[in-house]
Amino acid sequence: MVKALERAGFNVVHMCNLIPVSMTVGANRIVPTISIPYPLGDPNTPKEEQWKLRYHRVGVALDAIATDVTEQTVFKVRI
Amino acid sequence: MKLKIGNIPVKDVVLGSQDGFENGVLTINKQAAIDYLMELDDHITSLDIVIAHPGDDTRIVPVIETIEPRYRVDGRTLFPGVTDEVVPAGDGELKALKGCCVTVVGGTWGSFGDGVIDMGGEGAKHTYWSKLINICLVGETDEEFERYEQQKCNHALRWAGHRLAEYLGKIAKGVAAESFEEFEFEPVADRAKKNNGLPNVALVMQPQSQMEALGYNDLWYGWDMNKYLPTFVSPTEVLDGAMISGSFMPASSKWSTYEMQNFPTIKELFEEDGKSLNFVGVIMSMLNVALDQKERAAIMVRSMALNLGVDYAIVTEEGYGNPDADYVRCQVILEDAGIPVVGISNECTGRDGFSQPLVTLDSKMNALVSSGNVSELSDLPACATVIGCLEAMNRDGMSGSWGYDEILGKSARDDGSIIMEDNNWFCGDHISGFSVKTMREF
Amino acid sequence: MKKVICYVNQFFGGIGGEDKADQEPYIVEGVVGPTMAINAALKDAEVTHTVVCGDNFMGSNTEEALSRIMGFLEDKEMDLFIAGPAFQAGRYGVACGNVCKAVKEKFGVPVLTSMNGENPGADMFKKDVIIFKGGTGAVKMRQDVKVLTKFANKLLAGEPNLGCEAEGYFERGCRHEVFLEDIRENTAAYRGVQMLKKKMAGEPYQTELIIPEKDLVPIAPAIDLKDAVIALVTTSGCVPVENPDRIQSASATRWGRYSIKDMDRLEAGVFKTIHAGYDPAAGNADPNVLVPLDAVRAYEKEGKFKRLHDYFYTTVGTGTTEAEATRMAEEMIPYLQEDGVNAIILGST
């Protein structure tokens, strides 16, 4: 899916937990999420923590769209 | 540790007025067995025992579990931490009723991990179970909290199955075994390869543990393997009931408890032990979903392998899809540590055969055994007898079957014929090692 | 008697060489040139017609040529279509590939051709069409026809295909399972331990899964966020609670697009996940952990990017084949393009 969309000319940022899978399927811009069942907010943490994490990682994804890369790149996240 | 398994071939299983074992025929007093099982778990609302023989025109669905009936000569429980207290497993003597299995069947309700067994016809080639006498334990429960859930723990029925396996084993306790298998696992530190110059080989097992919620995963001495880290274990513990199967994972990729009790890859490694290799045991890992969990498990497997002096390894996973990431990572980290690997698993190449076979790929994996393709379609005629409930395939989200498809229709058709993916054969890809399937380029 | 229709170029059609390469397509009854040999080798089948077309005409007017050929075939009965053999002739090889692919797609009958590995047509079409490994030139005609018709006879008789290696055609990346004889030596356990023994001894062994080379797409250039029209796509199975498009919970072949216009977040009870591959509790309790609409909206309001597309696109990733995923993505593309979307945040579970 990533490749089909990028091949059509879209700038695709892939947000996922399993970076090796993302690398294998050929995503070029990758932002890690925290898990499979809850990619962007751990239900065992308070709502504010979940929001902070989600807001941060979506921000990284937006910045990734605006960043030129020369190879498959995993963008660093802080929280 | 030394495990001796006395094999008692079972020629037939019949239902009768009194339990007994004579001339290879196991007789079960059905009502007594049912009363015993219902007494132990008041969540069971009804039970039946039905015998299905190889070659019968019978379809069994939804199959939840298969277990080999056995008796432990020293009186310890068959499945520590499951059927009774947590006690050591892996040494001592067992009697095993060969040629049959307890098959746990949902009377009405199925779930994601449940599968299909065909005893005869074309469908019989798809599972090992079709070659055994299936002692089907068909039941209903009052587990209302999961009645309409796609993922079910199926606790009451699964535990009843393990108890029945133990109950049936006891019927044969006085019967002399016809042959013996001995699995002697010498302490690793006492048998360095300098003694015989043979390379040290470990088996890395990756049992299913993906559900964060407890009650769905494989158990190790009764412990949910989602909350577990890789451990060095004796292969005889695996063969002796230390581990039981769970309820999560598309059926064809599962290892049932019967497969753990008879794990073919462990048996083949014992065959070679002292001849071409030193079998230095099992590194029992798991298959959690998050990347850091996968990485941590791979690191711990690597450390154990290095510190045990493992020279070569076989890695095998109970699953496909997300678990492939663990399967691949574990092989790569071992290869990088100088420990060459053979991997054993199935593939998912899609109905057209053109999809990527594993979800991650790495060219360092250069020795792989493929035990089947979860996405092949099976289209089979009706069977004269159905044990369980065919409609579960349409209704309950069983993996590899469906209630609606604009081209293929529903999986269980009104005339009793079925169409489904390989995914839905119970343990059909027999990753444990029973599989006689492979993959080929077409 | 089964019916086979063949395709040859102007040279093998007996009209002439390079000077006749502009020949427009035509169809004749019965055999022409090499299709005579094909006909002779077929069992219980005959070549009823042969299509002839000049290589240059096909090369420079491909669509026109194919459409005319499809027109010739429309009213003909056909159980199998055979093109070539094309050996190392590049234009002819590509023509055979094009014609075979079109016939397969339009009429759904099996198609076969043969060419040399150096022929560019081999790489271009081996995935779509069964292409037998052929010789470098016409001196190999007899041999190439023999291999190809042997398989054609099998196919027409309904006998099993033994796989590309045994049959002699190019590998296509098409993998299916096969059952071996039910003996211990064929079990996965035995095969695994024997493979390990060979690997330990440094002896040759055959892996059952050769890892293919990675196929990457060109990297899209960065976009100035002031111009970014962003769409959210997810494989998490997040759908409106009634799952109106009946997307399957595994091995999905269906997808949906749902309006998020004027929504600041995805509310629990309005959206849920139907994905069977993971524990749905967290996603159902707060769908924004799957599709981060709340955070994306916050950035939109801050003016970090131009605007968010009014729909999110969703399917289920587990067990979904690459071919299906690609098809679904391609079906989404026109909707995205129509609204001027230029960037996508794709969330996977």
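Before reading on, note that the structure itself is shown above.
Residues numbered from 1 in each chain as written. Chains lettered and ligands numbered in written order. Predicted model: local features only at pLDDT ≥ 70, side-chain atom pairs only at ≥ 80, totals over all residues. Heavy atoms only, no water.

Enquirer: Help me understand the overall build of chain B in this model?
Expert: On a plain count of helices and strands, chain B comes out with 8 helices and 25 strands. The C-alpha radius of gyration computed for chain B amounts to 21 Å, which stays within 12% of the reference 22 Å derived for 442 residues, consistent with globular compactness. Projected onto the principal axes, the alpha-carbon positions of chain B cover approximately 60 × 55 × 40 Å. Taking contacts inside chain B between residues at least 6 apart in sequence as the whole, the part at least 24 apart equals 79%. Only carbon and sulfur atoms are counted for the fraction: they give 51% of the accessible area of chain B, which is about 13800 Å². Across chain B, the centroid of the 36 positively charged side chains sits 4 Å from that of the 67 negatively charged ones. (Helix = DSSP H or I, 4+ residues; strand = E, 2+ residues; numbered from the N terminus. Rg over C-alpha atoms; globule rule 2.2 N^0.38 Å. Contact = heavy atoms within 4.5 Å. Areas by Shrake-Rupley, 256 points an atom, 1.4 Å probe, with all protein chains shown as cover. Lys, Arg positive; Asp, Glu negative; His and termini not counted. Charge placed at Lys NZ, Arg CZ, Asp CG, Glu CD.)

Enquirer: Can you help me understand empty space enclosed by the protein in this one?
Expert: Empty space among the atoms can be located by rolling a probe the size of a water molecule over them. Counted according to the given criterion, the structure contains 4 cavities of 30 Å³ or more. Broken down by element, the residue count for the lining of the largest cavity peaks at 3 residues, all from strand 11 (residues 133–141) of chain B. In terms of residue class, the lining of the largest cavity is built from 3 nonpolar, 6 polar and 5 charged. Within this model, the second largest cavity holds a volume of roughly 90 Å³. Elements supplying a minimum of two residues to the lining of the second largest cavity: strand 8 (229–234) and strand 13 (343–347) of chain C. Considering only residue class, the lining of the second largest cavity consists of 10 nonpolar, 5 polar and no charged. (1 Å grid on protein atoms, 1.4 Å probe; cavity = no way out; pocket = protein on both sides within 12 Å on 5 of 7 lines; lining within 4 Å. Points joined across faces, edges and corners; volume = space filled by probe spheres on them. Nonpolar A, V, L, I, M, F, W, Y, C, P; charged D, E, K, R; others polar.)

Enquirer: Which parts of the structure should I look at to understand the interface of chain B and chain A?
Expert: Contacts between the two partners involve 11 residues from chain B, matched on the other side by 10 residues from chain A. Joining chain B to chain A, the criterion identifies 0 salt bridges. Inspection of the region where chain B meets chain A yields 3 residue pairs in polar contact (both at pLDDT 80 or more). When contributions to the side of chain B that touches chain A are tallied by element, the ones reaching two or more residues are helix 6 (291–308) and helix 7 (322–336) of chain B. Class assignment of the residues belonging to the side of chain B that touches chain A gives a composition of 6 nonpolar, 3 polar and 2 charged. (Salt bridge = Lys/Arg side-chain N within 4 Å of Asp/Glu carboxyl O. Polar contact = N/O pair within 3.5 Å; in protein donor to acceptor, adjacent residues only side chain to side chain.)

Enquirer: I would appreciate a short explanation of the sheet that holds strand 14 (residues 219–220) of chain B in the present structure.
Expert: Sheets are built from strands paired through backbone hydrogen bonds, the pairs being either parallel or antiparallel. All names here are of chain B. Spatially, 3 strands are ordered 15-14-17 in an open sheet, and the strand pairing comes out antiparallel. The outermost strands of the open sheet, each flanked by one partner alone, are strand 15 (223–224) and strand 17 (243–244). Here strand 14 runs beside strand 15; their pairing, made up of 2 bridges, is antiparallel. Paired with Leu219 across the strands is Asp224, a residue of strand 15. (Pairing = 2+ DSSP bridges.)

Enquirer: For this particular structure, what's the right way to read the environment of Val74 of chain A?
Expert: Residue and element names in this part refer to chain A. Among the structural elements, Val74 can be located in strand 3 (residues 73–74). Relative accessible area serves as the criterion here: at 37%, Val74 is assigned to the partly exposed category. Sequence separation between Val74 and Val13 is 61 residues; the distance between their C-alpha atoms is 9.9 Å. Dropping the residues within four chain positions of it, Val74 is found in contact with Ile19, Met23, Ile30 and Pro32. (Buried < 20%, exposed > 50% of the residue type's maximum accessible area, 1.4 Å probe, protein only.)

Enquirer: What is the right way to read unusual backbone geometry from this model?
Expert: The general pattern is negative phi for most residues beyond glycine and trans for most peptide bonds. Here the bond from Val61 of chain B into Pro62 of chain B is cis, since omega is -5°, no more than 30 degrees from zero. Secondary-structure assignment places Pro62 of chain B in strand 6 (residues 58–67). Backbone torsion omega between Gly84 of chain C and Pro85 of chain C reads 5°, so that peptide bond is classified as cis. For Pro85 of chain C, the location among the structural elements is in the loop between strand 4 (80–83) and helix 4 (90–107). At Asn154 of chain B, a position not held by glycine, the phi torsion is positive, near 50°. Of note, the phi angle at Arg246 of chain C is positive, near 50°, even though the residue is not glycine. Mapping Arg246 of chain C onto the fold places it in the loop between strand 9 (238–240) and strand 10 (256–259). With a relative accessible area of 46%, Arg246 of chain C lands in the partly exposed category.

Enquirer: I tried to follow the pairing of strand 1 (residues 2–9) of chain C on my own but got confused; where do I start?
Expert: For a regular strand, side chains alternate in direction, first toward one face of the sheet and then toward the other. Residue and element names in this part refer to chain C. Across the 8 residues that make up strand 1, a large majority, 6, are buried. Across 8 bridges, strand 1 lies against strand 3 (residues 45–53) in parallel orientation. Counterpart to Val4 in the pairing with strand 3 is Val47. Sheet topology note: the strand 1/strand 4 ladder contains 4 bridges and is parallel. Pairing of Ile5 across the sheet is with Phe81, part of strand 4.

Enquirer: Help me out: how do you make sense of the layout of surface pockets in this one?
Expert: Put simply, the second largest pocket is a space of about 1100 Å³. Looking at the second largest pocket, it is lined by 45 residues, and the ones nearest its centre are Gln150, Asp396 and Gly397 of chain B together with Ser249 and Ile274 of chain C. Those elements that provide at least two residues to the lining of the second largest pocket are helix 8 (392–395) of chain B together with strand 11 (271–273) and helix 9 (281–285) of chain C. Among the elements that make up the lining of the second largest pocket, the one with the highest residue count is helix 8 of chain B (3 residues). For the lining of the second largest pocket, the per-class residue count stands at 17 nonpolar, 16 polar and 12 charged.

Enquirer: Would you mind showing me how to read the pattern of salt bridges here?
Expert: Summed over all chains, the structure comprises 54 salt bridges over all chains. In this structure, Lys437 of chain B and Asp422 of chain B form a salt bridge, with 3.2 Å as the shortest nitrogen-oxygen distance. Here Lys437 of chain B, found in strand 25 (residues 437–441), pairs with Asp422 of chain B, found in the loop between strand 24 (418–421) and strand 25; they are 15 residues apart in sequence, far enough to count as distant. In terms of burial, Lys437 of chain B and Asp422 of chain B fall into one category: buried. Between Lys301 of chain C and Asp264 of chain C there is a salt bridge, with the nearest N and O atoms lying 2.9 Å from each other.

Enquirer: So what exactly am I meant to see when it comes to the pairing of strand 2 (residues 29–32) of chain A here?
Expert: All names here are of chain A. Of the two faces of strand 2, the one lined by Arg29 and Val31 and the one lined by Ile30 and Pro32 are each fully buried. Note: strand 1 (residues 11–16) against strand 2, 4 bridges, orientation parallel. The residue of strand 2 that forms the bridge with His14 is Ile30. A crossover connection joins strand 1 to the parallel strand 2 through helix 2 (residues 19–25); in handedness this β-α-β unit is right-handed. Bridge count between strand 2 and strand 3: 2 bridges; the pairing is parallel. Residue pairing in the sheet places Ile30 in a bridge with Val74 of strand 3. Following the chain from strand 2 across helix 3 (residues 47–65) to the adjacent parallel strand 3, one finds a crossover that is left-handed. (Right-handed = clockwise from strand over helix to strand, strands pointing away.)

Enquirer: Got a minute to help me understand helix 4 of chain C in this structure?
Expert: Given 3.6 residues per turn, any residue in an α-helix points the same way as the ones three and four places further on. All names here are of chain C. With 18 residues, helix 4 should reach 26 Å at 1.5 Å per residue; the first-to-last C-alpha distance of 26 Å fits that figure. Where helix 4 is concerned, the buried positions are Tyr92, Gly93, Val94, Ala95, Cys96, Gly97, Asn98, Val99, Cys100, Ala102 and Val103. Against the buried residues of helix 4 lie strand 1, helix 2 (55–60), helix 3 (62–73), strand 4, strand 5 (111–115) and helix 5 (120–125). One or two residues past the end of helix 4 sits Gly108, with phi positive at roughly 70°. (Expected span 1.5 Å × (residues − 1).)

Enquirer: I'm lost on the interface of chain C and chain B in this one. Help?
Expert: Many descriptions give the size of an interface as the accessible area lost when the pieces come together. Taken together, the contact pairs 52 residues of chain C with 71 residues of chain B. Summing the contributions of chain C and of chain B, the shared interface buries around 5500 Å²; its carbon and sulfur component is 58%. Among the residues chain C hides against chain B, the three largest losses belong to Arg175, His176 and Glu177 of chain C. Together they make up 13% of the total. Lys197 of chain C is paired through a salt bridge with Glu272 of chain B; the nearest N and O atoms lie 3.2 Å apart. The interface formed by chain C and chain B includes 36 residue pairs in polar contact (both at pLDDT 80 or more). Of all the secondary-structure elements, those providing two or more residues to the side of chain C that touches chain B are strand 7 (175–179), helix 8 (188–201) and helix 11 (322–338) of chain C. Element by element, the count of residues in the side of chain C that touches chain B is highest for helix 8 of chain C, at 12 residues. Its residues placed into classes, the side of chain C that touches chain B shows 21 nonpolar, 15 polar and 16 charged. With 5 bridges connecting them, strand 25 of chain B and strand 7 of chain C associate as antiparallel partners. (Buried area = accessible area lost by both parts, 1.4 Å probe.)

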